[in-house]
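The residues making up each chain are set out below.
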Amino acid sequence: MQIHNLGFPRIGAKRELKFSLEKYWRGELSQAEFLAQSRERRDSNWQIQQTAGIDILPVGDFAHYDHVLNTTVILGLVPERFTAQQHSEHNNALDLEFRVARGQAPTGCQCAASDMTKWFNTNYHYIVPELSSALVENVKAEVKLAPLLVQFNDAQKFSDHRKVVLIGPITYLHLSVVENEDKLALLPALLKRYQQVLNQLSAAGVQWVQIDEPVLGLELNKEWRQAFAQVYETLTKGSLKLLLTTYFAAIDHHVDLIKDLPFDGIHIDTIAEPTNVNNIIERLPKHWIISLGVIDGRNIWKADLVCIYQKLQPLYRQLGQRLWLAPSCSLLHSPVDLESEQKLDQEFKSWLAFATQKCQELSLLKQALLTENSDEITLYSNAALARCVSTRINNPEVQQRVNGLTAPDYHRKETFEQRKQVQQQVLNLPLLPTTTIGSFPQTGDIREVRAKWRRQEINEHEYQNLIKAEIKGVIERQEAIGLDVLVHGEAERNDMVEYFGELLEGVAFTQFAWVQSYGSRCVKPPIIFGDISRKKPMTVEWIKYAQSLTDKPVKAMLTGPVTILAWSFVRDDLAREQVAKQIALAISDEVGDLIAGGTKIIQIDEPAIREGLPVKQSQWQYYLDWATSSFCLSAAKASANIQIHTHMCYSEFNDILPAIIALDADVLTVETARSNMALLDAFEQQPYPNDLGPGVYDIHSPNVPSVNWMVSLLEKAQHYIPLERLWVNPDCGLKTRGWHETKLALENMVLAAKQLRNKFN
Ligand code: GLN
Ligand code: ZN
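Let me begin by describing the structure that accompanies this report. These numbers come from a predicted model, not from an experiment.

1. Quick notes on the site of ligand 1
Move 1: Residues in close proximity to ligand 1 total 13 residues, the closest being Ser-439, Glu-490, Asp-605, His-647 and Gly-733.
Move 2: A distance of 3.1 Å separates a nitrogen atom of ligand 1 from a polar atom in the backbone of Ile-437.
Move 3: Interatomic distance of 2.9 Å between a side-chain N/O atom of Glu-490 and a nitrogen atom of ligand 1.
Move 4: In isolation ligand 1 exposes 300 Å². Once the protein is present, 94% of that is buried.

Here it is as structure tokens:
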């Protein structure tokens, strides 16, 4: 039996890759220095895996920026605007990658970067391939395998047993964008490229190719299923062996499609969804390698090795050498090494396993299976199971509250129409009210204040005063600009999830559990380990203070339960929807206290609602039902006179509109400016019933939008939403912007609203 790994985190235990990337981009590292550091990173990753006992090392999982982008480069499919004449004097492969990913690089001209989007249901973003028949058929753009083959040789220092990781053609095509052509029509030409890649790998002496087809987790329509079969019937693999690799979802529904194709093995994720492994194995050819993903590649908990061992033992007896073991998916989605954590308390630390430890877990499992001796893993499992019985995770009061919830707890008492009337009396807002999404520019000074407070260089009192001074400044600026609904600016928050996580019971933080989000960007998700409750009010004092400075209404800012859940590592001993309910109750407590403190408007942000969608569309509705219920639960306490806002961004919402309507927020502010209000088209079929604030300018750009431009967007919006229900606001929070452009943009935005008011009043 062999143990292998589908991929290792690239960033390094101390985010070394991030820092080399950023230095290179700033011109502080030469290309040779950067490449040398990347090579060190790869070597170190192989070393870690080899030391942990991994038998077959992955090659090609590393990327300077993104592995989908790597595939694009390997296939010779970089769009022409990045390779065109104006860059040619700097014919430089590394910078080409960065131009595609970021629109710029130390050499070459600037050009619009390729789009970036979420990798299945993870928080990792890939660079979307832009394909066209012209590009795929262009014989001058050749496949380019040399760098990968160099890595294959490099890895030999660590093991003779290596496999090349490659995204398969169907997944690659499925994830790409193709304009005005049928995607599948590009397949024959794409296949020719894949054939060349396989030929070169075979010629280089590669034995195994891990061909990643996670798209098999989706349902796939007939055309795509046929295409899948056709692809693998057509490709000639020569001396190569192909391990069809799937993850993030069960593939039981595709066994008939797969079983007659010339693969040499399959990798199945046994963690993501329930899957009938025995049944799958029975239906597959008897010579295939069966690789089981038995260690969770996407969470941070120690595995219950005894439980896995007991399931595997009969399979090992049956399959012998044919059984391989691996993490469920690439460890790209795990932090690197638990040993970096010096400050965690010992009990909590003993519950965790990061990527390095997950490799060791596989090794322990293998030993136990080979020797039929489970002593060592019994000790290990005891440590893993200790978490689920620890008194630290249970809060009977929270459990009782969740169990006691009934239908009325999930709904506001009055209809939107009733609420709207009452709120108009209370708030007396003008037609087309203007507001912002919450955060204002996070200046160096603000960051410094928070950092000093964390390092205890200033005391609580000093900290409060400095943040209050910030709030005061922000309120004054908003009044001067003439906005109607003000915000306190979120200066006390480093991150919209971390801020609440730190104030909630049942959530822990690490120092180094970073996970790559995209390129050099990493996130350090909070760890939800136990029942969630609120220790004390989290935002009330700040909001009260802000409101005391102005007669205009100040909108309080909370992060919603679905977003807190989506951006955290979550306990696996309780269903996600239960955890969401617990968070919702904590947020609901905050809503109650805000209202008691006199707040009239509360925004509960849910930018991540779409991200939580399961891979299979047939499961979307179930998720959307509990996700919307959790949001509703957090807001339901608000009586008719309290206006609830929510905000969403980062994604397309057209296909989940019914769920967004079901949130029943009084006001929804949503990102639309970049797409020129394309979102609103969806409201043609299904009108949005409550108030709507479609973003009128893109906060991701420092450009100041003109009054006319915003007026034109609002006029467009007015076709879909009557004026009486239309709000005027930017696309998202302003924390990444500078004050200069923020002031000018908001002044223009207020002018745009006034111009339209005059026209219609
Ligand atoms: N209220 C948050 C802010 O303004 C919302 C951020 C977000 O949508 N991601 O920063
Ligand atoms: Zn946003």
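Now, onward.
2. Quick look at the coordination of the zinc ion (ligand 2)
Move 1: Coordination of the zinc ion (ligand 2) by the protein involves His-647 (NE2), Cys-649 (SG) and Cys-732 (SG), with metal-donor separations of 2.0 to 2.3 Å.
Move 2: Considering all four donor atoms around the zinc ion (ligand 2), angles at the metal cover 93 to 124° and the coordination shape is tetrahedral.
Move 3: Sequence positions of the residues that donate to the zinc ion (ligand 2) give the spacing H-x1-C-x82-C. Taken individually, His-647 and Cys-649 each receive the classification buried, so the pair is uniform in this respect.

3. Examining unusual backbone geometry
Only a minority of non-glycine residues have a phi that is not negative, and only a minority of peptide bonds are not trans.
Move 1: Within the chain, Asn-180 stands out as a residue other than glycine whose phi angle is a positive 60°.
Move 2: Looking at where Asn-180 falls in the secondary structure, it is placed in the loop between strand E7 (177–178) and helix H10 (187–203).
Move 3: For Asn-180, a relative accessible area of 81% gives the class exposed.
Move 4: Phi angles above zero are rare outside glycine, and Phe-248 is one such case at about 75°.
Move 5: Inspection of the secondary structure puts Phe-248 in the loop between strand E9 (241–245) and helix H12 (255–258).

4. Quick word on the pairing of strand E10 (residues 265–269)
One face of the sheet, then the other: side chains in a regular strand alternate in exactly this way.
Move 1: Burial runs high along E10: five of the five residues are buried.
Move 2: Where burial is concerned, the two faces of E10 agree: the one with Gly-265, His-267 and Asp-269 and the one with Ile-266 and Ile-268 are both buried.
Move 3: Sheet topology note: the E9/E10 ladder contains three bridges and is parallel. Within E10, the position partnered with Leu-243 by the bridge is Gly-265.
Move 4: Pairing of E10 with strand E11 (residues 289–295) involves five bridges; the strand directions are parallel.

5. A few points about the pattern of salt bridges
Move 1: Taken as a whole and judged by the stated rule, the model has 37 salt bridges.
Move 2: When the shortest N-O distance is used, the salt bridge between Lys-18 and Glu-22 registers 3.2 Å. Remark: Glu-22 and Lys-18 occur in helix H1 (residues 16–26); sequence separation between them is four residues, near one turn of the helix.
Move 3: We classify Lys-18 as buried; its relative accessible area is 13%.
Move 4: In this structure, Asp-154 engages Arg-39 in a salt bridge whose closest nitrogen and oxygen atoms are separated by 3.0 Å. Of this pair, Asp-154 sits in helix H8 (residues 146–154) while Arg-39 sits in helix H2 (residues 31–52), and the two are 115 residues apart along the sequence.
Move 5: Using a relative accessible area of 9% as the deciding quantity, one classes Asp-154 as buried.
Move 6: Counted as one network, the salt bridges with shared partners bring together Asp-256, Lys-259, Asp-260 and Arg-283.

6. Digging into the sheet that holds E9
Move 1: Pairing within the open sheet is parallel, and its eight strands lie in the order E1-E12-E11-E10-E9-E8-E6-E2. For this open sheet the edge positions go to strand E1 (2–3) and strand E2 (57–59), each flanked by a neighbour on one side alone.
Move 2: In the packing of helix H14 (residues 305–319) onto the sheet, contacts are made with E11 and strand E12 (323–327), and the angle to E11 comes to roughly 175°.

7. A short note on the sheet that holds strand E22 (residues 691–694)
Move 1: The five strands are arranged E17-E19-E20-E21-E22 in an open sheet whose pairing can be described as parallel. In this open sheet, the two edge strands, each paired with only one partner strand, are strand E17 (555–559) and E22. Strand-to-strand twist across the sheet, computed as the mean angle between neighbouring axes with direction ignored, equals 20°.
Move 2: Bridge count between strand E20 (residues 643–648) and strand E21 (residues 667–670): four bridges; the pairing is parallel.

8. Digging into the pairing of E9
Move 1: Here E9 lies mainly inside the structure; four of its five residues are buried.
Move 2: Where strand E8 (residues 208–212) lies against E9, five bridges are found, and the strand directions are parallel. By the bridge assignment, Trp-208 is partnered in E9 with Lys-241.

9. Here we look at the environment of His-287
Move 1: Mapped onto the elements of the fold, His-287 is located in the loop between helix H13 (277–283) and E11.
Move 2: Considering only alpha carbons, one finds His-287 and Asp-264, 23 residues apart in sequence, at a separation of 7.3 Å.
Move 3: Apart from the residues lying within four places of it in its own chain, the contact partners of His-287 are Phe-263, Asp-264 and Arg-322.

How each quantity is defined
- Residues numbered from 1 in each chain as written.
- Chains lettered and ligands numbered in written order.
- Predicted model: local features only at pLDDT ≥ 70, side-chain atom pairs only at ≥ 80, totals over all residues.
- Heavy atoms only, no water.
- Near = heavy atom within 4 Å.
- Polar contact = N/O pair within 3.5 Å; in protein donor to acceptor, adjacent residues only side chain to side chain.
- Areas by Shrake-Rupley, 256 points an atom, 1.4 Å probe, with all protein chains shown as cover.
- Donors = N, O, S within 2.8 Å, 3.2 Å for Na, K, Ca; no water.
- Tetrahedral: all angles 85-135°; square planar, octahedral: opposite > 155°, others 65-115°.
- Buried < 20%, exposed > 50% of the residue type's maximum accessible area, 1.4 Å probe, protein only.
- Helix = DSSP H or I, 4+ residues; strand = E, 2+ residues; numbered from the N terminus.
- Pairing = 2+ DSSP bridges.
- Salt bridge = Lys/Arg side-chain N within 4 Å of Asp/Glu carboxyl O.
- Contact = heavy atoms within 4.5 Å.
- Axes fitted to C-alpha atoms, helices over the stretch in contact; angles between N-to-C directions.

Bear in mind that shape data such as this cannot, by itself, settle questions of function.
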